[in-house]
Amino acid sequence: NAGVMQNPRHLVRRRGQEARLRCSPMKGHSHVYWYRQLPEEGLKFMVYLQKENIIDESGMPKERFSAEFPKEGPSILRIQQVVRGDSAAYFCASSPLGTGGAGNTEAFFGQGTRLTVV
Amino acid sequence: SQQGEEDPQALSIQEGENATMNCSYKTSINNLQWYRQNSGRGLVHLILIRSNEREKHSGRLRVTLDTSKKSSSLLITASRAADTASYFCARNSGNTPLVFGKGTRLSVIA
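Reading guide: rules and limits
Residues numbered from 1 in each chain as written. Chains lettered and ligands numbered in written order. Predicted model: local features only at pLDDT ≥ 70, side-chain atom pairs only at ≥ 80, totals over all residues. Heavy atoms only, no water. Helix = DSSP H or I, 4+ residues; strand = E, 2+ residues; numbered from the N terminus. Rg over C-alpha atoms; globule rule 2.2 N^0.38 Å. Buried < 20%, exposed > 50% of the residue type's maximum accessible area, 1.4 Å probe, protein only. Contact = heavy atoms within 4.5 Å. Areas by Shrake-Rupley, 256 points an atom, 1.4 Å probe, with all protein chains shown as cover. Pairing = 2+ DSSP bridges. Axes fitted to C-alpha atoms, helices over the stretch in contact; angles between N-to-C directions. Core = buried A, V, L, I, M, F, W, Y, C linked by side-chain atoms within 4.5 Å. Disulfide = S-S within 2.5 Å. Buried area = accessible area lost by both parts, 1.4 Å probe. Polar contact = N/O pair within 3.5 Å; in protein donor to acceptor, adjacent residues only side chain to side chain. Nonpolar A, V, L, I, M, F, W, Y, C, P; charged D, E, K, R; others polar.

Could you give an account of the overall build of chain B, with specific residues and numbers?
Scanning chain B from terminus to terminus reveals 0 helices and 11 strands. Rg of the C-alpha trace for chain B: 13 Å, near the compact-globule value of 13 Å for 110 residues, within the 12% margin. When the backbone C-alpha atoms are referred to their principal axes, chain B occupies close to 40 × 25 × 20 Å. Here chain B, with 110 residues, has 47% of them falling under the buried criterion. In chain B, once contacts between residues fewer than 6 apart in sequence are set aside, the share between residues at least 24 apart is 55%. Here chain B has roughly 5200 Å² of accessible surface; of this, 45% comes from carbon and sulfur atoms.

And the structure:
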């Protein structure tokens, strides 16, 4: 059972371009979470999706950022018109059930995508 | 901020010593989890402790939880150079995603 797969591992974009980050959750996991990490910082929650539905997007900027988790295929975090401040590591995590409440499970993380905006 | 707070922010110890990291939080929790992150890598889950549990062990790791003080601690005994990493606590409340603290950067010197 492969772990959470993120690609690309490194992504360089010029200001104004679009960035697409992909995340394939572990087999059997229907819950996906995206986090962002700045150097020497903790992880900041962005969005929580459960197959085709956005459950919580309270941490995601309203403009330029969007996320999806289609019925087939990986979850995509899309950043339009990137700016230098978007440079960060973006981590995806998955779990078989939600990480709280009745789920009460751990999350499995990918290796992250390091986005550099030049 | 909803984030938990870990302390210390950085910790440097000699190999063989014990390392203790603390985590405080503000709201009630369903569970609290500890993760490890090696430089430039993803996070690896270490231990999950539920709100009705007080202590859990896993190998050289021991986690305690005091819900009355809203705090948790992670103890690594007999540390090794390979334990050098950042350690994060993450709290879960209700059906919300995990909320991470800023982490403790542990350096174990051989």
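Which residues make up the sheet that holds strand 7 (residues 61-66) of chain B, and what values do they have?
Residue and element names in this part refer to chain B. Strands sit in the order 1-3-8-7-6 across an open sheet of 5 strands; the sheet is antiparallel. Edge positions in the open sheet fall to strand 1 (5-7) and strand 6 (55-58), since each of these has one partner strand only. The sheet shows a mean angle of 15° between the axes of neighbouring strands, taken without regard to direction. Inspection of the sheet shows strand 1 paired to strand 3 (residues 19-24) by 3 bridges, in the antiparallel sense. Residue pairing in the sheet places Glu 6 in a bridge with Cys 23 of strand 3.

Describe the pairing of strand 5 (residues 43-50) of chain B, with residues and values.
All names here are of chain B. With 7 bridges connecting them, strand 4 (residues 31-37) and strand 5 associate as antiparallel partners. Pairing of Tyr 35 across the sheet is with His 45, part of strand 5. A loop of 5 residues connects strand 4 with strand 5, the two strands running antiparallel in sequence, and Gly 40 in this loop sits at a positive phi of about 75°.

Please provide a residue-by-residue account of the nonpolar core, values included.
As a rule of thumb, nonpolar side chains are buried together in soluble globular proteins. Core analysis: the largest hydrophobic core is formed by 23 residues, its most contacted members being A:Trp34, A:Met46, A:Leu77 and A:Tyr90. Within the residue set of this core, elements represented by two or more residues are strand 3 (19-24), strand 4 (31-37), strand 5 (43-50), strand 7 (65-68), strand 8 (75-79), strand 9 (88-95) and strand 11 (113-117) of chain A. Within the second largest apolar cluster, 21 residues are counted, among which are B:Leu11, B:Ala19, B:Val63 and B:Cys89.

Give me the state of the cysteines: which residues, what numbers.
Residue and element names in this part refer to chain A. Per the counting criterion, the structure on display carries 2 disulfides over all chains. Between the sulfur atoms of Cys 23 and its disulfide partner Cys 92 the distance amounts to 1.8 Å. Here Cys 23 and Cys 92 share a disulfide; its torsion about the S-S bond, -55°, makes the bridge left-handed. Here the residue Cys 23 occupies a position in strand 3, and Cys 92 occupies one in strand 9, the gap between them amounting to 69 residues. With a relative accessible area of 0%, Cys 23 lands in the buried category. What makes Cys 92 buried here is its relative accessible area of 0%.

Describe the sheet that holds strand 7 of chain A, with residues and values.
Residues and elements named next belong to chain A. With antiparallel pairing, the 4 strands of this open sheet are ordered in space as 1-3-8-7. Two strands close off the open sheet at either side, each with one partner strand: strand 1 (5-7) and strand 7. Taken pair by pair, the neighbouring strands of this sheet meet at an average axis angle of 15°, ignoring direction. Where strand 3 and strand 8 come together, 5 bridges link them in antiparallel fashion. Each bridged residue has a counterpart across the sheet, and for Leu 21 the counterpart in strand 8 is Leu 77.

Pulling in residues and values, what's your account of the interface of chain A and chain B?
Each side of the interface is counted separately: chain A has 25 residues, and chain B has 24 residues. A combined buried area of about 1900 Å² lies between chain A and chain B, and 47% of that area is made up of carbon and sulfur atoms. When the buried surface of chain A facing chain B is broken down by residue, A:Leu43, A:Asn104 and A:Phe109 rank first, second and third, together holding 26% of it. Applying the counting criterion to the chain A and chain B interface returns 8 residue pairs in polar contact (both at pLDDT 80 or more). Listing elements by their share of the side of chain A that touches chain B, those giving two or more residues are strand 4 and strand 5 of chain A. Ranked by residues supplied to the side of chain A that touches chain B, first place goes to strand 5 of chain A with 4 residues. Split by residue class, the side of chain A that touches chain B holds 9 nonpolar, 9 polar and 7 charged.

Everything listed here is a matter of geometry and, on its own, says nothing about what the molecule does.
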